[in-house]
Amino acid sequence: MSQITHTIAQLTCGFCKGTGKDPFDLLSEHATCQVCGGAGKVEVKEPVINCVYCKGSGVYHNTRITCTVCNGKGMVTTPKGETISCPECNGTGVAVDSGMPCLKCKGKGVISR
């Protein structure tokens with residue numbers, strides 16, 4: 001039985017933009033970022049792309065909540081191999097009828113060919 005290994009990318013946290021601080025100062029001006037735990041970096045399995053649902057901001061629809069697609073990281077893992085733009089949402093990651101993440105691509109905007 002072979003074991004699949006994934007390369008892990010260390011990326012700047014999308015939610016706090018690498019500062020390690022809560023960008024909204026919800027608890028206090030000294031509170032750490034809830035996504036990266038104050039490190040300013042997050043880990044995402046490769047291959048990665050910018051989260052199209054939040055446009056890499058890590059923030060859900062201009063609120064103070066983390067993006068539900070990338071969990072605030074700003075980047076998402078894509079399917080391995082060749083990908084194409086999602087035909088359901090035209091690559092936006094947003095379901096046309098509800099504004100929620102597209103069910104076909106799970107909000108990533110791409111699917112396996």
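About the criteria used
Residues numbered from 1 in each chain as written. Predicted model: local features only at pLDDT ≥ 70, side-chain atom pairs only at ≥ 80, totals over all residues. Heavy atoms only, no water. Helix = DSSP H or I, 4+ residues; strand = E, 2+ residues; numbered from the N terminus. Buried < 20%, exposed > 50% of the residue type's maximum accessible area, 1.4 Å probe, protein only. Contact = heavy atoms within 4.5 Å. Areas by Shrake-Rupley, 256 points an atom, 1.4 Å probe, with all protein chains shown as cover. Lys, Arg positive; Asp, Glu negative; His and termini not counted. Charge placed at Lys NZ, Arg CZ, Asp CG, Glu CD. Pairing = 2+ DSSP bridges. Core = buried A, V, L, I, M, F, W, Y, C linked by side-chain atoms within 4.5 Å. Salt bridge = Lys/Arg side-chain N within 4 Å of Asp/Glu carboxyl O.

**Observations concerning the overall build of the protein**
Helices and strands together make up the secondary structure of the protein, namely zero helices and six strands. Written out in order from the N terminus, the α and β elements of the protein read β-β-β-β-β-β. For the C-alpha atoms alone, the extent of the protein along its principal axes is close to 45 × 40 × 20 Å. Split into buried and exposed, the 113 residues of the protein put 37% on the buried side. For the protein, contacts bridging at least 24 residues in sequence account for 60% of all contacts bridging at least 6. If you sum the accessible surface of the protein, you get close to 7100 Å²; carbon and sulfur atoms cover 52% of it. In the protein, which carries 12 positive and 8 negative side-chain charges, the distance between the mean positions of the two groups comes to 5 Å.

**Focus: the pairing of strand 2 (residues 41-45)**
Only one face of strand 2 is buried, namely the one carrying Val42 and Val44, since none of Lys41, Glu43 and Lys45 on the opposite face is buried. Note that strand 1 (residues 8-12) and strand 2 share five bridges and pair antiparallel. Across the sheet, Thr12 pairs through a bridge with Lys41, a residue of strand 2.

**Let's talk about the nonpolar core**
Core analysis: the largest hydrophobic core is formed by 12 residues, namely Ala9, Leu11, Cys13, Phe15, Cys16, Cys33, Val35, Cys36, Val42, Val44, Val59 and Met75. Counting only elements with at least two residues in this core, the list comes to strand 1 and strand 2. Each residue touching Cys13, except ones within four places of it in the same chain, is listed here: Gly18, Cys33, Val35, Cys36, Gly40, Lys41, Val42, Gly72 and Lys73. In terms of nonpolar packing, the next biggest core, distinct from the first, is built from eight residues, Tyr53, Cys54, Cys67 and Val69 among them.

**So, the environment of Asp22**
When you line up the elements, Asp22 lands in the loop between strand 1 and strand 2. For the pair formed by Asp22 and Thr12, sequence separation is 10 residues and the distance between their alpha carbons is 14 Å. Not counting the four nearest positions on each side in its chain, Asp22 is found in contact with Leu27, Ala31, Thr32 and Cys33.

**Comments concerning the environment of Ile49**
Looking at the secondary structure, you find Ile49 in strand 3 (residues 48-50). Given the relative accessible area of 27%, Ile49 is considered partly exposed. The spatial distance from the C-alpha of Ile49 to the C-alpha of Phe15 is 16 Å, given a sequence separation of 34 residues. Excluding anything up to four places from it in sequence, Ile49 contacts Gly74, Met75, Val76, Thr78, Lys108 and Val110.

**Examining the pattern of salt bridges**
Applying the stated criterion across every chain yields a total of one salt bridge. Of the charged contacts in the structure, one is a salt bridge between Arg113 and Glu82, with a shortest N-O distance of 2.8 Å. Remark: Glu82 occurs in the loop between strand 4 (75-77) and strand 5 (83-85) and Arg113 occurs in the segment after strand 6 (110-112); sequence separation between them is 31 residues. Classification of Glu82 as exposed rests on a relative accessible area of 51%.

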